[in-house]
Amino acid sequence: MAKKLFIKTHGCQMNVYDSARMADVLAPLGYAKTETPDDADMVIINTCHIREKAAEKVFSELGHWRIRKHAAQARGGDVTIAVAGCVAQAEGAELINRAPFVDLVVGSQAYHQLPELLARAERARVKGTGGRGILATDFPVDSKFDHLPDEISTAPGPVGYLAIQEGCDKFCTFCVVPYTRGAEYSRPAQAVIAEADRLVATGVTEIALLGQNVNAWHGEGLDGGAWSLGRLLRVLNDRFAKTHPQLRWRYTTSHPREMDDDLIAAHGEVAGLMPFLHLPIQAGSDAVLKAMNRGHRAEDYLRIVEKLRAARPDIALSGDFITGFPGESDTDFEQTLELVRAARYAAGYSFKYSARPGTPGSLLARQVPDAVSSERLYALQALLQEQSAAFNRACEGRVLDVLFDRPGKLPGQLIGRSQYLQAIYVSDPSLRIGDFLPVTITGGYANSLAGEIARREAA
Ligand code: 5AD
Ligand code: SF4
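As the structure is a computational prediction, the values presented were derived from the model and not from experiment. (Residues numbered from 1 in each chain as written. Chains lettered and ligands numbered in written order. Predicted model: local features only at pLDDT ≥ 70, side-chain atom pairs only at ≥ 80, totals over all residues. Heavy atoms only, no water.)

Undergrad: Just to check I follow, could you spell out the site of ligand 2 for this structure?
TA: Near ligand 2 the following residues occur: Cys168, Lys170, Phe171, Cys172, Phe174, Cys175, Val177, Pro178, Asn213, His255 and Arg294. Looking at the shell around ligand 2 residue by residue, the class counts come to seven nonpolar, two polar and two charged. (Near = heavy atom within 4 Å. Nonpolar A, V, L, I, M, F, W, Y, C, P; charged D, E, K, R; others polar.)

Next comes the structure, spelled out in structure tokens:
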């Protein structure tokens, strides 16, 4: 009988991708995914370490799994507990020590080894060797991508994720990613294309290319030379343009320093590339950008925005921002607000600075008091909400192309994404997940839009 695998995914889209790939790795061992924790034979908690209290949240979640495991053991069974992702990578040893009932801690570059790690965990249990879990958080010399199976075990639904790049060499001084994900690595174009073929064969309508620094992708091209992301997007788009003309492409997350002219031009030329870009800047003051080690100034960023809008006038932008980075003055923060006003975002994500252990930022003097960071966060969020509401309101009356990928809360309601990545709510009994339809926007709000299926012209 198939064993049931429950995966709980926290954090970013890369974790969603990794979770799917871990399921693929375990499928040949007879594990089938379940959505109900109660019948799981194995759980993987795929964790995120980017902000505050990450480890504490994992320990509290593990508490529930410990109870499930003990209950299963009392019935003569077991639940294998694995912790994966960035908390596993960063705090694996502590996890094993503080939660000895965890069977396996597997880092972000080691999960292709899950079958042999599981076998080791099993042997340790049989021998009763003191109950410690297995820790696998090394960065192997060769890439995990060379060892992952080709088969996609579960169709992803309307939107497929495809990791083309991983890791980060930028070392922003606030960020744990260069430590948890390791050095920048670009998959060869051939591997990317083969995985895109497999995703398209499952019936996806949209593919999001992923990487912590996705636009730093410089993988080996089909001609043996190093390609850029702009080139890759053109090749991918052309490959499916005839057979799958509706296929939509996105890529995330990008760094301003890697936004080259060819990639910018692709936004005006590649038909399937969506008019949306997530381009974090984090702060608007050059002094803060420098202290963050971002490697660019506010005006460089605004210049990129200008070029993007010249290439694709309707492009929608989103960004990430941090308030209260060490040393940030009131004037510095004012410059963040100014930058936001100048760039005009369709969506924005802002966070209070959190000193992450092991990052250079955590050692900086002049940490900003929490109350000040909070106050700035509220002011920034208010401005970003104003901008997203304005962007969404301006869509009222327009017809947007919506790919429905989730159920809504109300009966008969589905949620989909427009070309601008807005969340669109439509109630219509005929709608099904996977439908890709023109929708007339009837209401635009700060975080969502309402719409109805556009009446098609009578034939
Ligand atoms: N504190 C606050 N926000 C952070 N981010 C990354 N590290 C930190 C931190 N230490 C935010 C950045 C990044 C997003 C994914 O999370 O804005 O772009
Ligand atoms: Fe973190 Fe900066 Fe790398 Fe992004 S570019 S992952 S914020 S270090």
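What follows continues from the structure just given.
Undergrad: Help me understand the packing of aromatic side chains in this model?
TA: Pairs of aromatic rings are described using the distance from one ring centre to the other and the angle between the two planes. Within this structure, the stated rule accounts for eight aromatic pairs. When the centroid spacing of 6.1 Å and the interplanar angle of 35° are considered together, the rings of Phe240 and Trp249 count as tilted. Centroid distance Phe325 to Tyr353: 5.2 Å. Interplanar angle 70°. Geometry classified as edge-to-face. Highlighted residues: Phe325 in the loop between β13 (316–323) and α11 (330–343) and Tyr353 in the loop between β14 (347–352) and α12 (370–393), separated in sequence by 28 residues. For the pair Phe325 and Tyr353, one class covers both residues: buried. One aromatic cluster is present, formed by Phe174, Phe325 and Tyr353 through successive ring pairs. A cation sits over an aromatic face here: Arg68 above Trp65, 4.4 Å from the ring centre. (Phe/Tyr/Trp six-rings, centres within 6.5 Å; stacked < 30°, edge-to-face > 60°. Helix = DSSP H or I, 4+ residues; strand = E, 2+ residues; numbered from the N terminus. Buried < 20%, exposed > 50% of the residue type's maximum accessible area, 1.4 Å probe, protein only. Lys NZ or Arg CZ within 6 Å of the ring centre and 35° of its normal.)

Undergrad: Whenever I open this one, the side chain of Thr323 confuses me. Can you help?
TA: Mapping Thr323 onto the fold places it in strand β13. A polar side-chain atom of Thr323 sits 3.0 Å from the main-chain carbonyl oxygen of Ser373. Excluding its chain neighbours within four sequence positions, the residues that come into contact with Thr323 are Glu328, Phe333, Phe351, Lys352, Tyr353, Ser373, Arg376, Leu377 and Leu380. (Polar contact = N/O pair within 3.5 Å; in protein donor to acceptor, adjacent residues only side chain to side chain. Contact = heavy atoms within 4.5 Å.)

Undergrad: Looking at this structure, how should I read helix α8 (residues 261–269)?
TA: Residues spaced three or four apart along an α-helix point in a common direction, a consequence of the helix completing one turn every 3.6 residues. Of the positions making up α8, those classed as buried are Leu263, Ile264, Ala266 and His267. In a view along the axis of α8, the buried residues occupy a sector of 150°, so they form one face of it. Turning to α8, the residues buried within the fold contact α7 (229–241), β11 (248–252), β12 (276–278) and α10 (298–311). One side-chain oxygen of the residue at the start of α8 lies 3.2 Å from the amide nitrogen of Asp262, identifying that residue as Asp260. (Arc of directions from axis to C-beta.)

Undergrad: Is there a simple way to explain the sheet that holds strand β1 (residues 3–9) in this structure?
TA: Think of a sheet as strands paired side by side through backbone hydrogen bonds, with each pair either parallel or antiparallel. The strand order across the open sheet built from six strands is β2-β1-β3-β4-β5-β6, with neighbouring strands paired in parallel fashion. Only two strands of the sheet have a single partner each, and these edge strands are β2 (31–33) and β6 (134–136). In this sheet, neighbouring strand axes are inclined to one another by 20° on average, regardless of whether the strands run parallel or antiparallel. Together, β1, β2, β3 (42–47) and β4 (80–84) form the strand contacts of helix α1 (residues 13–26), whose direction differs from that of β3 by roughly 155°. The strands touched by helix α3 (residues 85–98) are β3, β4, β5 (104–106) and β6; relative to β5, the strand with the most contacts, the crossing angle is about 140°. (Pairing = 2+ DSSP bridges. Axes fitted to C-alpha atoms, helices over the stretch in contact; angles between N-to-C directions.)

Undergrad: Looking at this model, I keep getting lost on the packing of α11 against α12. Mind explaining?
TA: Between two packed helices, the angle of one axis relative to the other and the distance separating the axes together describe the packing. Running from N to C, α11 and α12 cross one another at 10°; their axes reach a closest spacing of 10 Å. With respect to α12, the element α11 is oriented roughly parallel. Listed contacts from α12 to Asp330, Phe333, Thr336, Leu337, Val340 and Arg341 of α11 are Arg376, Ala379, Leu380, Leu383, Leu384 and Gln387. For the contact of α11 with α12, the class distribution of residues is seven nonpolar, two polar and three charged. (Parallel < 35°, antiparallel > 145°, perpendicular 65-115°, else oblique.)

Undergrad: Help me understand the site of ligand 1, please; the structure alone is not making it clear to me.
TA: Near ligand 1 the following residues occur: Ile50, Arg51, Phe174, Gln282, Asp320, Ile322, Phe351, Lys352, Tyr353, Ser354 and Arg356. At 2.9 Å from a nitrogen atom of ligand 1 is found a main-chain nitrogen or oxygen belonging to Phe174. Notes on ligand 1: free accessible area 400 Å², of which the protein chains cover 87%. At the level of secondary structure, the elements contributing two or more residues to the shell around ligand 1 comprise β13 and β14. (Areas by Shrake-Rupley, 256 points an atom, 1.4 Å probe, with all protein chains shown as cover.)

Undergrad: Help me out: how do you make sense of α1 in this one?
TA: For α1, built from 14 residues, the straight-helix expectation of 20 Å at 1.5 Å per residue is met to within 8% by its first-to-last C-alpha distance of 20 Å. For α1, the tally of buried residues reaches eleven of 14 residues, placing the bulk of the element in the interior. Every buried residue of α1 is accounted for by Met14, Asn15, Tyr17, Asp18, Ser19, Arg21, Met22, Ala23, Asp24, Val25 and Leu26. (Expected span 1.5 Å × (residues − 1).)

Undergrad: Is there a simple way to explain the state of the cysteines in this structure?
TA: Working definition: the covalent bond between the sulfur atoms of two cysteines is a disulfide. All chains considered together, the criterion is met by zero disulfides. Cys12 supplies the cysteine sulfur nearest to Cys48, a cysteine that is in no disulfide, at a spacing of 6.4 Å. Given the relative accessible area of 26%, Cys48 is considered partly exposed. (Disulfide = S-S within 2.5 Å.)

Undergrad: Can you walk me through the packing of helix α2 (residues 54–74) against α3 in this structure?
TA: For the pair α2 and α3, the least separation of the axes is 11 Å and the interaxial angle reads 50°. As far as their axial angle goes, α3 and α2 are oblique. For the pair α2 and α3, the crossing hand works out as right-handed. Here α2 contributes Ala54, Ala55, Glu56, Val58, Phe59 and Leu62 to the contact with α3, which in turn contributes Val87, Glu91, Glu94, Leu95 and Arg98. (Left-handed = near helix turned anticlockwise from the far one by under 90°.)

Undergrad: When you look at the domain arrangement of the protein chain in this model, what are you seeing that I'm missing?
TA: It is common to give the size of an interface as the accessible area lost on bringing the parts into contact. The domain architecture assigned to the protein chain consists of domain 1 (3–136), domain 2 (146–394) and domain 3 (399–453). For domain 2 and domain 3, the distance between their C-alpha centroids amounts to 24 Å. Here domain 2 packs against domain 3, burying approximately 1500 Å² in sum over the two surfaces, 60% of which is carbon and sulfur. On the surface where domain 2 and domain 3 come into contact, there are zero salt bridges. The interface formed by domain 2 and domain 3 includes ten residue pairs in polar contact (both at pLDDT 80 or more). Residue composition of the side of domain 2 that touches domain 3, grouped by class: eight nonpolar, five polar and five charged. (Domains from an automatic or database assignment. Buried area = accessible area lost by both parts, 1.4 Å probe. Salt bridge = Lys/Arg side-chain N within 4 Å of Asp/Glu carboxyl O.)

Undergrad: When you look at unusual backbone geometry in this model, what are you seeing that I'm missing?
TA: Among all residues except glycine, the phi angle is most often negative; among peptide bonds, the trans geometry is most common. Residue Thr253 follows Thr252 across a cis peptide bond; omega there is 5°. Not every positive phi belongs to a glycine, and Asn293 is a case in point at roughly 60°. Looking at the secondary structure, you find Asn293 in the loop between α9 (286–291) and α10.

Undergrad: So what exactly am I meant to see when it comes to the nonpolar core here?
TA: If you look at soluble globular proteins, the nonpolar side chains tend to sit buried side by side. By size, the foremost hydrophobic cluster in this structure holds 60 residues, and its most contacted members are Ile207, Leu209, Trp249, Tyr251 and Tyr345. When residues in this core are grouped by element, the largest group, six residues, is from helix α6 (residues 189–201). In this structure, Leu209 is in contact with Leu162, Ile164, Val214, Leu229, Leu233, Leu236, Trp249, Arg250, Tyr251 and Thr252, ignoring residues within four places of it in sequence. Residues Met14, Ile44, Leu104 and Ala163 belong to the second largest nonpolar core, which totals 28 residues. (Core = buried A, V, L, I, M, F, W, Y, C linked by side-chain atoms within 4.5 Å.)

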